[in-house]
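Summary of structural features
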Amino acid sequence: MHLLPQAHSVQSQQFHVPARFNSNKGGHINSAYDSNLDEPPVYEETNDDHRTVRPSVISAFGHDTLDRVPHIDFYRNAGSMSGHRAVRPSLQELHDVFQKVSECRCRSSGTPSDDLESAAPTDDMKGMVKFGWIRGVLVRCMLNIWGVMLFIRLSWVFGQAGWGLGIVIIALSCVVTTITGISMSAICTNGVVRGGGAYYMISRSLGPEFGGSIGLIFAFANAVGVSMYVVGFAETVVDLLKENSAIMVDEMNDIRIIGCITIVLLLGISVAGMEWEAKAQIILLVILLVAIVNVFVGTVIPATNEKKAQGFFNYRSKIFLENFTPAFRDGETFFSVFAIFFPAATGILAGANISGDLRDAQAALPKGTLLAILITGLTYLAMALCVAATVVRDATGNSSSIINHTTPVICNGSTAVACELGYDFSSCEVEKCKFGLMNNFQVMTLVSGFGPLIIAGTFSATLSSALASLVSAPKVFQALCKDNIYRALHFFAKGHGKNNEPIRGYVLTFIISVAFILIGDLNTIAPIISNFFLASYALINFSCFHASYAKSPGWRPAYKYYNMWLSLMGALLCCVVMFVINWWAALLTYGIEFLLYIYVTVKKPDVNWGSSTQAVTFVSAVSNALSLSGVEDHVKNFRPQILVLTGSTRSRPALLDLAHSFSKNYGLCITCEVFVGPRSETVDEMNNAMEKNQLLLKKKKRKAFYAAVACDNFREGAESLLQASGLGRMKPNTLMIGFKKNWRTAGAEAVQSYVGILHDAFDFEYGTAMLRVNQGLDVSHIVEAEGLYDIVAKMNEKLVEASLQFKKKQPKGTIDVWWLFDDGGLTLLLPYILTTRKKWKDCKMRIFMAGQPGRSDLDKEEMKGLLKKFRINCSDINVFDDLHIKPRSESLKELQEMIEPFRLHEGSKDADQIRALQKEQPWKVTDKELSEFEEKTHLQVRLNELLKEHSRSANLIIVSMPIARKETISDFLYMAWLDILTKDLPPTLLIRGNHKSVLTFYS
């Protein structure tokens, strides 16, 4: 997709800007200059391949220029909902604008990799409902945190733990949620937050693997949470029906009926739109606040005798002191009581879950979430202390328990305070009573000024939490599906209406919730859901720590009151609390998350969000590279680090596949391309090829890097790559190149350049490998055929088949290694590495070597001993002592025909003619040279005969590469050596190490 600038008053058009100068001022004048254009250009998206550059804009510098002053529109993403995206002029446009037509291909928008928004806006954004920090975050978080715990179980918690440890329980819960809130504040102020809440923050911080795994279980937890809250509401309604003898069927089925009806009504509110849902939340908040105030008011209203009989005595210091210490019963402990209370604090992400519906999520989330934690924490603490100061732990509920002072009563234990207040609850020491903090879950109703308001508050708490979860689950799930991490779920990514409502997600959440409501018993699944939420909190904290630890320049949160170690402690606390709540649920949560993590990792979703994982990987890579640079190379740690001249990654697949077989999981592989030509033409082509070729390597699952240079000639480019490729110790040590099949027709300059690269490699102490395949290596003409690919491929069927031969599993056969010269062991090490590969495991290695006449058996035994010390197995060792024998005449004739066009033939000419010819054609082969190197020339021919005789059926032949001494052996004679040596053979790899040992038999 490319972009066209829309000028405010100038039509977009192709143009050429002529350069002319004002004779009076000497300044440059752009004839297309328009002084009215004082705003950054707005670029509209187009589907064509070109972008037309706006000719000129007003400048703050007093002269006409294409340069732009900094502006926010240049930094927006492609689908920005808050404004138009502008594209700044490219460097090439600024650099070349007066030299050529300003029409160029748009390669980049100015960012290394855009983090595209989850959905580009397609409708009119003016109609969207957006919330501020109060309605969008504060209200939602408070309603979610103020759950049924506030009215039903809080008194029991403080009865068991006492208000001393009760404060610790509330404080510890608040510490966990506050640290998580601080971490979330840091993350969400480090850039624009889109829809998806916790999933969005975690995935953009830690990457799709963590985000994808936690996003799915977090959405599921919210969906099941709906059923839990609705069942809580239904149970309260059924209790009221039971009191009035109005049960419809039976208790369990009544809960199911009421639950299903309730969730249908809640679904209707949610589907109606966020505005209706927000209004419903406000109404529920008002009811809840009235119920809370009702409790505080009730504590100061003088208690009736009936209430005193049930354990409520208004504020009494004796009761307060008595309830300070813990009194754990029925096997409860501090941790079990904490596990029951903590889920009440897990509503802090209610605002974050609708982050896409917030007017300014960066400002709203920190303010609203942290304030909600503070308010709700203080509320829980205040209400708990109220009941701890007014209600005793045990009470009979009988009005006859009043002490008349005529009968002596022995007061001790937990009933001593009640005795002093005139009530005898001593029977509670013997049998379980129904009232008091420890026994009655309706203490808040007892304490309150008007009991029915507490029931209304309980309804409000359950319904508000259910409504928040019913909205959160589809929103988070929709964000996850839009990112297409789980492709099977992309169906649920579609939104509807001006607010992009996830209707499909609502239906799915409804189905899940109804299914769990019909199950009825949620006690088993409740700890799993709590652990799912805690896992999300742990990863939010870890995300903040990880981003800080990575020290990426992109980590610049506007919220400064965070600490990386505090976040790490928060993550660890969440993990500990998970086990405290339920150890098997914690293990199950970790197991599910791990499996999802593995799934996403294997699938490798095509996203790039600039995660802190990438940043840490980079930092670790640099650190390791620096550490490695301080360590001297050792022969035991030698790895083939190959610089392979493939051209484009698709041009010579056989060369790349074989190089990759050597380096995969062992060493470094850099596939290289040299762009030859005028820099003005080749630089753009090279820049375009960089990312494209690296992506192709990734797509082909080749663990290799792509490097390219632009130079005036091929040898200069290759020389640059040989000298500058790599980093520290991660630097290539072996050059791999394809055999130049057309050397006889390519021309002197091309041959000199090719052989010169080999000389350069030896000069820079590179090991060198040259691959020859009879059919050839270059398939670029087939790849570039595009629409005619099938036709061209069919015409070159053998070439295509040969280019793919190293990609597939090799049939049973041999790798024949002709180790003729000791080069340090590279000629032996590379084929050994091949035999360790899965594709080559059916190939056995055979060794062929040259021996002295009469010493063949002895040489063979020595080689066996050497291979044994190297721990390298081979199926056979062959020694030849007849390499000195003159080749057959037909073979020599073939060589002569090869060299003939490049001979100088100076034998019959005088000295002046010879000098003139050599000056005119210095690259030609002289008779003197042929005579001087006749034996070495014949050796190559003789070796070819032996190779044909013994290795014609080999899967791959490895041969020691002959070396041509610089300025002694001409380039064409050397090419003739290489050609005749490898002619008419199976795939052949010539190898010459740099004569430094790469094998050792020492430990």
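Residues numbered from 1 in each chain as written. Predicted model: local features only at pLDDT ≥ 70, side-chain atom pairs only at ≥ 80, totals over all residues. Heavy atoms only, no water.

What to know about the overall build of the protein chain
Cut-off, in case you're wondering: By the criteria applied, helices consist of DSSP H or I runs no shorter than four residues and strands consist of E runs no shorter than two, each listed in order from the N terminus. Accessible area is worked out with a 1.4 Å probe on protein chains only. A residue is then buried under 20% of its type maximum, exposed over 50%, and partly exposed in between. For this analysis, residues touch if any pair of their heavy atoms sits within 4.5 Å.
In terms of helices and strands, the protein chain carries 33 helices and 16 strands. Looking at the protein chain residue by residue over its 1003 residues, the buried ones come to 52%. Partitioning the intrachain contacts of the protein chain with sequence separation of at least 6 by distance along the chain shows that 79% fall at a separation of at least 24.

Looking at the sheet that holds strand E7 (residues 642–645)
This is how the line gets drawn: Two strands are said to pair when DSSP picks up at least two bridges between them. Every axis corresponds to a line fitted to the C-alpha atoms, with the helix fit spanning only the stretch in contact, and the corresponding angles, defined between N-to-C directions, vary from 0 to 180 degrees.
Reading across from one edge, E9-E8-E7-E10-E11-E16-E15-E12-E13-E14 is the order of the 10 strands in this open sheet, with mixed pairing throughout. Two strands close off the open sheet at either side, each with one partner strand: strand E9 (705–711) and strand E14 (876–880). The average undirected angle you get between the axes of adjacent strands in this sheet is 20°. In terms of strand pairing, strand E10 (residues 734–738) meets strand E11 (residues 767–772) through five bridges, oriented parallel.

Some points on the nonpolar core
For clarity, the threshold we go by: For the purposes of this section, nonpolar cores are sets of buried Ala, Val, Leu, Ile, Met, Phe, Trp, Tyr and Cys residues that join through side-chain atoms within 4.5 Å.
Core analysis: the largest hydrophobic core is formed by 137 residues, its most contacted members being Phe 151, Leu 154, Leu 349 and Tyr 380. For this core, the leading source of residues is helix H5 (residues 208–243), giving 14 residues. Residue contacts for Tyr 380: discarding those within four places in its chain leaves Ile 145, Trp 146, Gly 147, Met 149, Leu 150, Leu 154, Ile 170, Phe 341 and Ala 344. Ala 718, Phe 848, Ile 969 and Phe 972 belong to the second largest nonpolar core, which has 58 residues in total.

Considering the packing of helix H7 (residues 274–300) against helix H11 (residues 361–390)
Stated formally: Any angle from 65 to 115 degrees is called roughly perpendicular, while one under 35 is roughly parallel, one over 145 is roughly antiparallel, and all others are oblique. By convention the crossing between two helices is left-handed if the near helix lies anticlockwise of the far one by an angle smaller than a right angle, and right-handed if it lies clockwise. Polar here means any residue other than Ala, Val, Leu, Ile, Met, Phe, Trp, Tyr, Cys and Pro, which are nonpolar, and Asp, Glu, Lys and Arg, which are charged; Gly is therefore polar.
Across the interface, H7 lies against H11 with an axial gap of 10 Å and an inter-helix angle of 30°. When the interaxial angle is binned, H7 and H11 end up roughly parallel. The hand of the H7/H11 crossing is left-handed. In this structure, H7 contributes Ile 292, Val 295, Phe 296 and Thr 299 to the contact, and H11 contributes Thr 379, Ala 382, Met 383, Cys 386 and Thr 390. Grouping the constituent residues of the contact of H7 with H11 by class yields six nonpolar, three polar and no charged.

Examining the environment of Gly 197
Among the secondary structure elements, Gly 197 is positioned in helix H4 (residues 197–206). The spatial distance from the C-alpha of Gly 197 to the C-alpha of Gly 351 is 7.9 Å, given a sequence separation of 154 residues. Excluding residues that lie within four positions of it along the chain, Gly 197 makes contacts with Ala 352, Asn 353 and Ser 355.

Structural notes on helix H3 (residues 154–188)
What counts, and what does not: One fewer than the residue count of a helix, multiplied by 1.5 Å, yields its expected span. Two axes define the bend at a residue: one fitted to the seven residues ending there, one fitted to the seven starting there, and the bend is the angle between them.
The end-to-end C-alpha distance of H3 is 32 Å, clearly below the 51 Å that 35 residues give at a rise of 1.5 Å each. In H3, a bend of some 115° at Gly 162 exceeds every other bend along the element. Of all 35 residues that make up H3, 27 are buried, and the element is covered over most of its length.

Focus on the pairing of strand E15 (residues 956–960)
Operational definition: Whether a crossover is right-handed depends on one test, that the path from the first strand over the helix to the second runs clockwise when the strands point away from the viewer.
Within E15, five of the five residues are buried, leaving the element largely enclosed by the surrounding structure. Of the two faces of E15, both are covered, the one formed by Leu 956, Ile 958 and Ser 960 as well as the one formed by Ile 957 and Val 959. In this structure, strand E12 (residues 813–818) lies alongside E15, joined through four bridges in parallel fashion. Within E15, the residue paired with Asp 816 across the bridge is Ile 957. Here four bridges tie E15 to strand E16 (residues 988–992), and the two strands are oriented parallel to one another. The residue bridging Ile 958 from the neighbouring strand is Leu 989, located in E16. Traced from E15 through helix H33 (residues 971–982) to E16, the parallel crossover comes out right-handed.

As for the packing of aromatic side chains
Heads up, the rule is: Side-chain rings of Phe, Tyr and Trp, where Trp is taken by its six-membered ring, are said to pair if the distance between their centres is within 6.5 Å; with planes under 30 degrees apart they count as stacked, over 60 as edge-to-face, and otherwise as tilted.
Following the criterion strictly, the structure yields 32 aromatic pairs and no others. Summarising the aromatic geometry, the rings of Phe 806 and Trp 840 are spaced 6.0 Å apart at their centres and angled 25° between planes, so their arrangement reads as stacked. Pair noted here: Phe 806 is in the loop between helix H26 (797–803) and E12 and Trp 840 is in the loop between helix H27 (826–835) and strand E13 (843–850), with a separation of 34 residues, a long-range link. Assessed through its relative accessible area of 1%, Phe 806 is described here as buried.

Considerations on the pairing of E9
Buried residues dominate E9, accounting for six of its seven residues. For strand E8 (residues 669–676) and E9, the ladder comprises seven bridges, and the chain directions are parallel. Looking at E9, one finds that Phe 675 is bridged to Ala 710.

Quick look at the pattern of salt bridges
Let me state the cut-off plainly: We define a salt bridge as a side-chain nitrogen of Lys or Arg found within 4 Å of a carboxyl oxygen belonging to Asp or Glu.
Under the definition given, this model contains 22 salt bridges. Its salt-bridge partner being Glu 890, residue Arg 888 comes within 3.5 Å of it at the nearest N-O pair. Residues Asp 984 and Lys 948 are paired through a salt bridge, measuring 3.9 Å at the closest nitrogen-oxygen approach. One end of the pair, Asp 984, is in the loop between H33 and E16; the other, Lys 948, is in helix H32 (residues 934–950), and 36 residues separate them in sequence. Judged by relative accessible area, Asp 984 falls into the partly exposed class, the value being 37%. The exposure class of Lys 948 is partly exposed, given its relative accessible area of 21%. Bridged by salt links that share partners, the residues Asp 882, Arg 888, Glu 890, Arg 942 and Glu 945 form one connected network.

Section: a positive patch on the surface
Worth spelling out the cut-off: Residues enter a patch when their relative accessible area is above 30% and they make no salt bridge; the linking distance is 9 Å between like charges and 5 Å between nonpolar side chains (Val, Leu, Ile, Met, Phe, Trp, Tyr). Here the Shrake-Rupley method, with its probe set to 1.4 Å, supplies the accessible areas, and only the displayed protein chains count as covering residues. Only four residue types enter the tally: Lys and Arg on the positive side, Asp and Glu on the negative side, with His and both chain ends excluded. Where a charge lies is defined by one atom per residue type: Lys uses NZ, Arg uses CZ, Asp uses CG and Glu uses CD.
Taken together, the side chains of Lys 604, Lys 664, Lys 698, Lys 701, Lys 703, Lys 807, Lys 838, Lys 839 and Lys 841 make up a positively charged region of the molecular surface. Secondary-structure assignment places Lys 807 in the loop between H26 and E12.

Focus: the side chain of Asp 823
Let me state the cut-off plainly: Two N or O atoms count as a polar contact when they lie within 3.5 Å, although within protein this holds only if one can serve as hydrogen donor and the other as acceptor, and sequence-adjacent residues are included solely when both atoms are side-chain atoms.
Note on placement: Asp 823 falls in the loop between E12 and H27. Look at Asp 823: it is buried, it has no salt bridge, and the nearest opposite charge is Arg 992 at 5.5 Å. At 3.1 Å, the side chain of Asp 823 forms a polar contact with the backbone nitrogen of Gly 825. In this structure the side chain of Asp 823 is engaged in a polar contact, spanning 2.5 Å, whose partner is the side chain of Thr 827. Contact partners of Asp 823, with chain neighbours within four places excluded, come to Ile 991, Arg 992, Gly 993, Asn 994, His 995 and Lys 996.

Some remarks on the side chain of Ser 355
Secondary-structure assignment places Ser 355 in the loop between helix H10 (334–341) and H11. Residue classification places Ser 355 among the buried residues on the basis of a relative accessible area of 1%. Once you skip the residues sitting within four places of it in the chain, Ser 355 turns out to touch Val 193, Arg 194, Gly 195, Gly 196, Gly 197 and Ala 361.

What about the confidence of the model for the protein chain?
Applied cut-off: Each residue carries a pLDDT score, the predictor's own confidence in it, on a scale running from 0 to 100.
A residue-level look at the protein chain finds 86% of positions with pLDDT of 70 or above and a mean pLDDT of 82. Predicted confidence for residues 1–59 stays below pLDDT 50, and this span has 135 contacts to residues more than four positions away or in other chains. Scored below 50 in pLDDT, residues 99–125 shows 51 contacts in the model against residues more than four places distant or in partner chains.

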